[in-house]
Amino acid sequence: MSTDTVAYIQENEFDSLLDVEKVLVVDFTATWCGPCRLVSPLMDQLADEYKDRVKVVKVDVDNNKPIFKRFGLRSIPAVLIFKNGELVETIVGVSPYERFSTAVDKLVEL
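Residues numbered from 1 in each chain as written. Predicted model: local features only at pLDDT ≥ 70, side-chain atom pairs only at ≥ 80, totals over all residues. Heavy atoms only, no water.

Peer 1: Would you take a moment to explain the side chain of Asp 60 for this structure?
Peer 2: Here Asp 60 lies in strand 3 (residues 55-60). For Asp 60, which is buried and forms no salt bridge, the nearest opposite charge comes from Lys 65, at a distance of 7.5 Å. (Helix = DSSP H or I, 4+ residues; strand = E, 2+ residues; numbered from the N terminus. Buried < 20%, exposed > 50% of the residue type's maximum accessible area, 1.4 Å probe, protein only. Lys, Arg positive; Asp, Glu negative; His and termini not counted. Salt bridge = Lys/Arg side-chain N within 4 Å of Asp/Glu carboxyl O.)

Peer 1: What exactly am I supposed to notice about helix 2 (residues 34-49) here?
Peer 2: One turn of an α-helix holds 3.6 residues; hence residues three or four places apart share an orientation. Compared with an ideal rise of 1.5 Å per residue, which puts 16 residues at 22 Å, helix 2 spans 24 Å between its outermost C-alpha atoms and is within 8% of the ideal. Listed in full, the buried residues belonging to helix 2 are Cys 36, Val 39, Ser 40, Leu 42, Met 43, Asp 44, Leu 46 and Ala 47. On its buried face, helix 2 sits against strand 2 (23-29), strand 3, strand 4 (78-83) and helix 4 (97-108). (Expected span 1.5 Å × (residues − 1). Contact = heavy atoms within 4.5 Å.)

Peer 1: Explain the packing of aromatic side chains here, please?
Peer 2: The description of an aromatic ring pair uses the distance of the two centres, along with the angle that the planes make with each other. For the structure shown, the criterion picks out 4 aromatic pairs. Where Phe 14 meets Phe 71, the ring centres are 5.7 Å apart and the plane angle is 70°; that geometry is what we call edge-to-face. Of this pair, Phe 14 sits in helix 1 (residues 11-20) while Phe 71 sits in the loop between helix 3 (65-70) and strand 4; the two residues are 57 residues apart in sequence, bridging distant segments of the chain. By relative accessible area, which is 23% here, Phe 71 ends up partly exposed. Here the aromatic cluster, defined as three or more aromatic residues joined through ring pairs, consists of Phe 14, Phe 71 and Phe 82. (Phe/Tyr/Trp six-rings, centres within 6.5 Å; stacked < 30°, edge-to-face > 60°.)

Peer 1: Would you take a moment to explain the side chain of Asp 44 for this structure?
Peer 2: Structurally, Asp 44 is set in helix 2. Lys 58 provides the closest opposite charge to the buried, unpaired Asp 44, separated from it by 4.3 Å.

Peer 1: Would you take a moment to explain the sheet that holds strand 5 (residues 86-92) for this structure?
Peer 2: What holds strands together in a sheet is hydrogen bonding between their backbones, with the strands either parallel or antiparallel. Ordered by their spatial adjacency, 5 strands build an open sheet running 1-3-2-4-5, and the pairing between neighbours is mixed. The open sheet is flanked by strand 1 (7-8) and strand 5, the only strands paired with a single partner. Two strands pair when backbone bridges link them, and strand 1 and strand 3 are joined in this way by 2 bridges, in the parallel orientation. Note that in strand 3 the partner of Ala 7 across the bridge is Val 57. Together, strand 2, strand 3 and strand 4 form the strand contacts of helix 2, whose direction differs from that of strand 2 by roughly 160°. (Pairing = 2+ DSSP bridges. Axes fitted to C-alpha atoms, helices over the stretch in contact; angles between N-to-C directions.)

See the structure below:
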């Protein structure tokens, strides 16, 4: 299984993804962040499980501070979930996979 299913995006790509993706999951992370390393495989799993319905991306907060501040985030890992460009859920800290998948399930149901 590949370890990097989820691509890193830059700030300039973020708004265009918000415009085109029905459900967008954004993992705010950093290479030096230990808890972020625990969340990373969960994001890969989420991306694999929902690959045709949900776009999962990562944002390195060290390289994209303005986007981090834009959402009033103060700590990482932080996972923001958007539907049709609107922020609908914020999960800060390490959480079990079910917390992420349940949040996404609510958005992809018909």
